[in-house]
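Coordinate analysis (summary)
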Amino acid sequence: MPARRHSLLATGLVLLVFVVISSAIRRMDAYVDQFGLTELRLYTTAIMVWLALVFAWLLVTVIRGRRERFAFGAALAGFLVLATLNVVNPDALMARTNLDRAASGHEFDVAHAASLTPDATPTLIAGLPSLPDDERCDLARALLDDVPDSESWRTWNHGRTEARDAIDANEPALREACSPND
């Protein structure tokens, strides 16, 4: 009977942890809605998702008496979250999210956008037309000033190559972004 009572109390505690994680995710979503998506907000949310997966796995394994399976599942959940982050391309996601916010009337942080890695460059170029003139000009200048160098085969990077190609293909439009509209 004490083991059953322990399991019930532990399940209750884990469910309360889910309430805390849910509240934290909602708060983070409110920050993103108000101020935009940054690396810190994205990775903090990813960690919260990983914690939710770990606590769900805790319910399935440890609380049901299958402790030996917990460590593998917790590590697998971590790898799953990391793989998902790798697939979604965090910098392009931040650029896309913040450009969508700007299109709906929120401020766009050009300095933050310009600080993103070259992975975000094609997304930023595609979103330039949705920005107000001054922000469009500032971002176009930042992109033109920070064209990734041509690297040797030993330091080749797919994101830098795509960024360089996108800037080369759109260079006239980027330069025109700062010319006065007649």
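Higher on the page you've got the structure.
Reading the values: the criteria
- Residues numbered from 1 in each chain as written.
- Predicted model: local features only at pLDDT ≥ 70, side-chain atom pairs only at ≥ 80, totals over all residues.
- Heavy atoms only, no water.
- Core = buried A, V, L, I, M, F, W, Y, C linked by side-chain atoms within 4.5 Å.
- Buried < 20%, exposed > 50% of the residue type's maximum accessible area, 1.4 Å probe, protein only.
- Helix = DSSP H or I, 4+ residues; strand = E, 2+ residues; numbered from the N terminus.
- Contact = heavy atoms within 4.5 Å.
- Patch = residues over 30% accessible without salt bridge, like charges linked within 9 Å, V, L, I, M, F, W, Y side chains within 5 Å.
- Areas by Shrake-Rupley, 256 points an atom, 1.4 Å probe, with all protein chains shown as cover.
- Salt bridge = Lys/Arg side-chain N within 4 Å of Asp/Glu carboxyl O.
- Disulfide = S-S within 2.5 Å.

Considerations on the nonpolar core
Phe108, Leu124, Leu131, Leu139 and Leu174 are the most contacted members of the largest nonpolar core, which has 27 residues in total. Of all elements in the fold, only helix H2 (39-60), helix H3 (70-88), helix H4 (90-103), helix H5 (110-115), helix H6 (121-127), helix H7 (133-145) and helix H8 (158-176) reach the threshold of two or more residues within this core. Beyond its immediate stretch of four places on either side in the chain, Leu124 contacts Ala95, Leu99, Phe108, Ala113, Leu139 and Leu143.

Observations regarding a nonpolar patch on the surface
A cluster of nonpolar side chains, namely Ile25, Val49, Leu53 and Leu80, defines an oily patch on the protein surface of about 300 Å² accessible area. In this fold, Val49 is placed in helix H2. Look at Val49 and you get partly exposed, because its relative accessible area is 37%.

Observations regarding the environment of Val88
Here Val88 is to be found in helix H3. Using a relative accessible area of 34% as the deciding quantity, one classes Val88 as partly exposed. Once residues within four sequence positions are removed from consideration, Val88 is found in contact with Leu93 and Arg96.

Concerning unusual backbone geometry
A positive phi is found at Asn89, a non-glycine position, where the angle reads about 60 degrees. Within the secondary structure, Asn89 sits in the loop between H3 and H4.

Points about the pattern of salt bridges
Opposite charge on two side chains permits them to pair, given that their charged atoms come into close proximity. For the structure shown, the criterion picks out 2 salt bridges. The salt bridge involving Arg136 is made with Asp133; its shortest N-O contact spans 3.0 Å. Here the residue Arg136 and the residue Asp133 both occupy positions in helix H7, the gap between them amounting to 3 residues, near one helical turn. With a relative accessible area of 46%, Asp133 lands in the partly exposed category. One salt bridge connects Arg175 with Glu171, and the closest N-O pair in it is separated by 2.7 Å. Here Arg175 pairs with Glu171, and both are found in helix H8, just 4 residues apart, close to one helical turn. The exposure class of Glu171 is partly exposed, given its relative accessible area of 27%.

Some remarks on the environment of Thr161
By secondary structure assignment, the location of Thr161 is in helix H8. Along the backbone, Thr161 and Val32 are 129 residues apart, and their C-alpha atoms lie at a distance of 29 Å.

What to know about the side chain of Thr121
Inspection of the secondary structure assignment puts Thr121 in helix H6. Apart from the residues within four sequence positions on either side, Thr121 is in contact with Leu143, Ala163 and Ile167.

So, the side chain of Thr123
One can find Thr123 in helix H6. Judged by its relative accessible area of 17%, Thr123 is buried. In this structure, Thr123 is in contact with Ala92, Ala95, Arg96 and Leu99, ignoring residues within four places of it in sequence.

Here we look at the environment of Arg160
Of note, Arg160 is situated in helix H8. Under the relative-accessibility criterion, Arg160 is labelled partly exposed at 28%.

So, the state of the cysteines
This structure, assessed with the given rule, holds 1 disulfide. Each sulfur in the disulfide pair Cys137 and Cys178 lies 2.1 Å from the other. Disulfide Cys137-Cys178: the torsion about the S-S bond is 110 degrees, which places it as right-handed. On the criterion of sequence distance, the pair formed by Cys137 in helix H7 and Cys178 in the segment after H8 is long-range, its members being 41 residues apart. Among the residues examined, Cys137 registers a relative accessible area of 10% and is labelled buried.

Read these as spatial facts, not as claims about activity.
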